[in-house]
Amino acid sequence: MSGTEGPVLVVPGLNGSGPNHWQSWMEALIGARRVDQDDWTRPDIDLWSARVADAIVAQARPVWLVAHSFGCLASVVAVSRLADRIAGALLVAPASPDKFGITARIPDTPLPFPTVLAASRNDPWMKFMSAARWADRWGARLIDLGEAGHVNTESGHGAWPEGLELFRQLQASAPAMTGPLQD
């Protein structure tokens, strides 16, 4: 099995990703599964990360994560307990944990799998330098998206071929995975 195989989980942020969002476009294009939340309007790190963890554990093979905004934070919390089940993660426009009062809850050590953090210079949810610090803490490759807003529908990011290419590059950089997970 090559490093590109394996299930892909899309982890949206606050309010979910609507039908015109790049995550919805990518989900349909590559056959990814969405991690749903009970309440997309209430960002609760415990509930959201538990949902991400449940979706990861439900897979027989290591998963790829494609997360956005608060979904990045929920993903990082979830994988802190499940790192051996992750093939890699694309974290796009993470929200600042400071905005939710959860900074102390967010792991700040390197993630033990290939990770890309794509950040915008004019994202209202996290300043670029803060995103760069989180990328450094997580051992993620930082991608400067320039002035791309929050990389959502409102900033013009519906179909986003550049994001798909970032994901494909991440997959290509990962070591080959062999066989299903063992319990």
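Up top is the structure.
Residues numbered from 1 in each chain as written. Predicted model: local features only at pLDDT ≥ 70, side-chain atom pairs only at ≥ 80, totals over all residues. Heavy atoms only, no water.

A. Highlighting the overall build of the chain. Secondary structure assignment for the chain yields 5 helices and 6 strands. Its helices and strands in sequence order give the chain the pattern β-α-β-α-β-α-β-β-α-β-α, from N to C terminus. Relative to its length of 183 residues, the chain is compact, with a C-alpha radius of gyration of 15 Å against a globular reference of 16 Å. Overall size of the chain, expressed as C-alpha extent along the three principal axes, is 40 × 35 × 30 Å. Contacts in the chain between residues at least 24 apart in sequence constitute 77% of all its contacts with a sequence separation of at least 6. For the chain, the accessible area works out to roughly 8200 Å², and carbon and sulfur atoms hold 50% of it. (Helix = DSSP H or I, 4+ residues; strand = E, 2+ residues; numbered from the N terminus. Rg over C-alpha atoms; globule rule 2.2 N^0.38 Å. Contact = heavy atoms within 4.5 Å. Areas by Shrake-Rupley, 256 points an atom, 1.4 Å probe, with all protein chains shown as cover.)

B. A look at the pairing of strand β3 (residues 63-68). A large share of β3 lies buried, amounting to 6 of its 6 residues. Here β3 shows no split at all, with V63, L65 and A67 on one side and W64, V66 and H68 on the other all buried. In the sheet, strand β1 (residues 8-11) pairs with β3 via 4 bridges, with the strands oriented parallel. Looking across to β3, one finds that V8 is bridged to W64. In the sheet, β3 pairs with strand β4 (residues 86-92) via 6 bridges, with the strands oriented parallel. Bridged to A67 within β4 is L91. Taken together, β3, helix α3 (residues 70-79) and β4 constitute a β-α-β crossover, and its handedness is right-handed. (Buried < 20%, exposed > 50% of the residue type's maximum accessible area, 1.4 Å probe, protein only. Pairing = 2+ DSSP bridges. Right-handed = clockwise from strand over helix to strand, strands pointing away.)

C. Molecular detail of the sheet that holds strand β6 (residues 141-144). Across the sheet, 6 strands lie side by side as β2-β1-β3-β4-β5-β6; this open sheet has parallel pairing. Among the strands making up the open sheet, the edge pair consists of β2 (33-34) and β6. Of the pairings in the sheet, the one linking β4 to strand β5 (residues 115-119) comprises 4 bridges and is parallel in character. For V92, the partnering residue across the bridge sits in β5 and is A118. Seen against the sheet, helix α4 (residues 128-138) touches β4, β5 and β6 and runs at an angle of roughly 175 degrees to β5. Sheet strands in contact with helix α5 (residues 161-173) are β1, β3, β4, β5 and β6, and its direction is about 150 degrees off that of β4. (Axes fitted to C-alpha atoms, helices over the stretch in contact; angles between N-to-C directions.)

D. Broad picture of the environment of R33. With respect to the element layout, R33 can be found in strand β2. On the basis of relative accessible area, R33 is assigned to the partly exposed category, the value being 47%. Between the C-alpha atom of R33 and that of V8, which follows or precedes it by 25 residues, the distance is 6.3 Å. When residues no more than four places from it in sequence are discounted, the contact partners of R33 are P7, V8, L9, V10, E27 and Q59.

E. Structural context of the side chain of N152. Mapped onto the secondary structure, N152 falls in the loop between β6 and α5. Among residues more than four places away in sequence, those in contact with N152 are H21, H68 and H157.

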